[in-house]
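Remarks on the overall topology
One-letter residues, chain by chain:
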Number of protein chains: 2
Amino acid sequence: MFKVIKTQNSARRGVFNTPHGEIQTPVFMNVATQAAIKGALSAADLKQIGCQTVLSNTYHLHLRPGEQVIGSLGGLHKFMCWDGPILTDSGGFQVFSLSKLRNITDEGVEFSSHIDGRRIFMAPEDSIRIQSRLGSDIALAFDECVESPAEYEYVKKSCERTTRWLIRCNKEHKTILSEGGAVNPGQVLFGINQGGTFEDLRINHMKEIRELDLPGYAIGGLSVGESTEEMYRVLDAVVPHMPADKPRYLMGVGTPSNIIEAVKRGIDFFDCVLPARNARHGHMYTLKDGCINLNNEKYKYDEKPIDTNCDCPVCSRFSRAYIRHLFKAKEMLAMRLGVIHNLYFYNNLAAMIRAAIEQDKFDEFRGEYSGRIDLRA
Amino acid sequence: MFKVIKTQNSARRGVFNTPHGEIQTPVFMNVATQAAIKGALSAADLKQIGCQTVLSNTYHLHLRPGEQVIGSLGGLHKFMCWDGPILTDSGGFQVFSLSKLRNITDEGVEFSSHIDGRRIFMAPEDSIRIQSRLGSDIALAFDECVESPAEYEYVKKSCERTTRWLIRCNKEHKTILSEGGAVNPGQVLFGINQGGTFEDLRINHMKEIRELDLPGYAIGGLSVGESTEEMYRVLDAVVPHMPADKPRYLMGVGTPSNIIEAVKRGIDFFDCVLPARNARHGHMYTLKDGCINLNNEKYKYDEKPIDTNCDCPVCSRFSRAYIRHLFKAKEMLAMRLGVIHNLYFYNNLAAMIRAAIEQDKFDEFRGEYSGRIDLRA
């Protein structure tokens, strides 16, 4: 299912097979939380910007429109007209970050919908059932995501619960597949490692969950308030304890430099809302000039594309001056063009990383770009 | 420049030549007020939905980004990457509908910017100079648009001023072209007929302005509060006094039925914000079922496209259930897909009208569709 085809030190160039095609890794997954990409992009647009894999969210889609709607329409692929691989996050993170008045027990989590406040109970089994109705290619286990900083003892207990929940998720996932009639019979389950910024907890938890021999493992609970250095320290500690023959997914990370640094440490899968969010505020990535702010007066007459080194559908057509005007005039097209460029940039960054590893030039690539692209021009 | 290639009673099938290609008439022009189509559509998208001609606005582009920006970047075509015909409205209507504290004299209008309140003076010559910098293919004369209802005596005096302004616009337009170096040396000027709902004023004004032998004439100041019957009554009165060999443009109109009824009365050009505005609220046009509201609960599980008889890029892919979800989830993609469909619908309506006139079947077409498409299902 996963094959590492080339390594350079810890960096890996791999291929992951799904029922909807291969994923070439390292990969940046494009976030479609509510089955749509922010900035008015459709699945058809994603084909043009090098997107390999879409990430959608169990919590959001459960609340709206409900998995019964998506399931009855043939699953998420058909619903959003995306025929490539889809990964669904379990909703664990969103229950903790978006909903108030949550009540966590070993049984599951009771929380208030961020839309209308209604009380909802979600057990690990529920998350898996929902993801089965959605029909994603990769489902994620339901975990407890702990804020940072957190008390050692709380994180330890939370990790133990996340392990118990993972065992229940895995059991439920197998049960559903054995029942037959699933929207996506080839769906696989990834486990999630937790442990905050405590290296020993991270390592112990990883050792526990790898026993389940799942097709992939994610690292959750990072990029939630800790420093970049702490994040890299956790990766340095835990990644060597992840199975070498399974894909490794660093959830919700991050800046271009974060991605380059995590690839160096052996990570294969990424997702992040940052490129789309930055784009919606006029902050655009360029390879040579760092992150530029198109709201700046100096671009008012600028005929150049956002990035003169970019082959995206926006840079091949539109000027900085035009897109800046669209932002100033509050035209939705500003956000769309910005998101197209920034997502293309991230997808292309992953492609450049893959090429660099293939050619044994990843260290040079990292030396040239890490720590630079993120800087404001 | 304009050739009527077929008529059926008063309805005309024509071709208008511009420096950026032919316009097949009757035509529905797609509104890009601020050099962008509402709903995050770019010029590239317009190519896919049968758009022939874009309409942009002098008032808005003068305020933001300013004609000096667009002119220095090579004009509106290059700025927004649209290589087809562009018509620019003169700003007359917007000065009267958007800006407060306006002060009208024979010299011109002083008004407050609707963006930041700063005082701006615009004479007819200014509007023409701005449109020249924008480089549109068709410029419109600067007119006074009178609200409805209005006093007969005021409308009469206003018409006289609009005639004096038209003469100044025409003179300025010729001066600019004779100076050489215009962004678009092939730009032409259309005059605008006013007169409120008073048939005698409309006819007198039309007789006056046709003396200038301009390449086209618009009817302004309709669809501003009068009833549909009053509008048709005005058209019945004034259109016979418009030159038969020049295109006739009914500004800012209207519903599908308005367009069919106006074509019957001899109108060739149309523009309206209605299809895009309706789309942004979830109201979608269909040929057989009238205007449907996708917010309606009954579409929650509906796998059908918006219009089963539609070949637009949205209907060939996405379900009502998906687009309804996008509206409920407040995803920008909802508006984009809606606008693509509704603009395609209007562009296709004009294409169907052209085909009907060519085949001497316009009366049957009118009998089948007029008064029906606009109705809410």
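Here is what the cut-offs are and how they apply
Residues numbered from 1 in each chain as written. Chains lettered and ligands numbered in written order. Predicted model: local features only at pLDDT ≥ 70, side-chain atom pairs only at ≥ 80, totals over all residues. Helix = DSSP H or I, 4+ residues; strand = E, 2+ residues; numbered from the N terminus. Rg over C-alpha atoms; globule rule 2.2 N^0.38 Å. Buried ≥ 20, exposed ≤ 12 C-beta atoms within 10 Å, placed from the backbone. Contact = placed C-beta atoms within 7 Å. Pairing = 2+ DSSP bridges. Arc of directions from axis to C-beta. Domains from an automatic or database assignment. Nonpolar A, V, L, I, M, F, W, Y, C, P; charged D, E, K, R; others polar. Axes fitted to C-alpha atoms, helices over the stretch in contact; angles between N-to-C directions. Parallel < 35°, antiparallel > 145°, perpendicular 65-115°, else oblique. Left-handed = near helix turned anticlockwise from the far one by under 90°.

Secondary structure summary: chain A contains 14 helices and 16 strands in total. In terms of overall size, chain A behaves like a compact globule, its C-alpha atoms giving a radius of gyration of 20 Å where 377 residues would be expected to give roughly 21 Å. Across its three principal directions, the C-alpha atoms of chain A cover 60 × 45 × 40 Å. Out of the 377 residues belonging to chain A, those deemed buried represent 56%. Relative to all contacts within chain A whose residues are 6 or more apart in sequence, the contacts with residues 24 or more apart total 71%.

Next up on the list: the pairing of strand S15 (residues 283-286) of chain A. Residues and elements named next belong to chain A. Sheet topology note: the S15/strand S16 (residues 290-293) ladder contains four bridges and is antiparallel. Bridging from a neighbouring strand, Tyr285 pairs with Cys291 of S16. Counted along the chain from S15 to the antiparallel partner S16, the turn is three residues long.

With that settled, consider helix H9 (residues 228-238) of chain B. Residues and elements named next belong to chain B. Here H9 has its buried residues at Met231, Val234, Leu235 and Val238. The arc that holds every buried residue of H9, seen down its axis, measures 100°, which confines them to one face. Taken together, the buried residues of H9 touch strand S11 (188-193), helix H8 (199-210), strand S12 (217-219) and helix H10 (256-264).

A word on the domain arrangement of chain A. For interface size, the figure often reported is the accessible area lost on association. Residues and elements named next belong to chain A. Here chain A is described as being made up of domain 1 (2-272) and domain 2 (279-369). Taking only C-alpha atoms, the centre of domain 1 and the centre of domain 2 are 27 Å apart. Contacts between domain 1 and domain 2 engage 24 residues on the former and 27 residues on the latter. For the side of domain 1 that touches domain 2, the leading source of residues is helix H10 (residues 256-264), giving five residues. In the side of domain 1 that touches domain 2, the residues fall into 13 nonpolar, six polar and five charged.

All right, on to the sheet that holds strand S3 (residues 21-25) of chain B then. Residue and element names in this part refer to chain B. Strands sit in the order S1-S2-S3 across an open sheet of three strands; the sheet is antiparallel. The open sheet has two free edges, formed respectively by strand S1 (2-8) and S3, since each of these has just one partner strand. Taken pair by pair, the neighbouring strands of this sheet meet at an average axis angle of 15°, ignoring direction. In this sheet, strand S2 (residues 11-18) lies alongside S1 in antiparallel orientation, the contact comprising six bridges. Bridge assignment links Val4 to a residue of S2, and that residue is Gly14. Across the sheet, helix H13 (residues 332-358) touches S1, S2 and S3, and the angle it forms with S2 is around 120°.

What follows is about the packing of helix H7 (residues 152-179) of chain B against H8 of chain B. All names here are of chain B. It is the contact of H7 with H8, at a shortest axis distance of 10 Å, that shows an interaxial angle of 15°. The pairing of H7 with H8 is recorded here as roughly parallel in orientation. Viewed along their axes, H7 and H8 form a crossing whose handedness is right-handed. Across from Val155, Lys156, Cys159, Thr163 and Leu166 in H7, the residues of H8 making contact are Leu201, His205, Glu208 and Ile209. Tallied by class, the residues present in the contact of H7 with H8 amount to five nonpolar, two polar and two charged.

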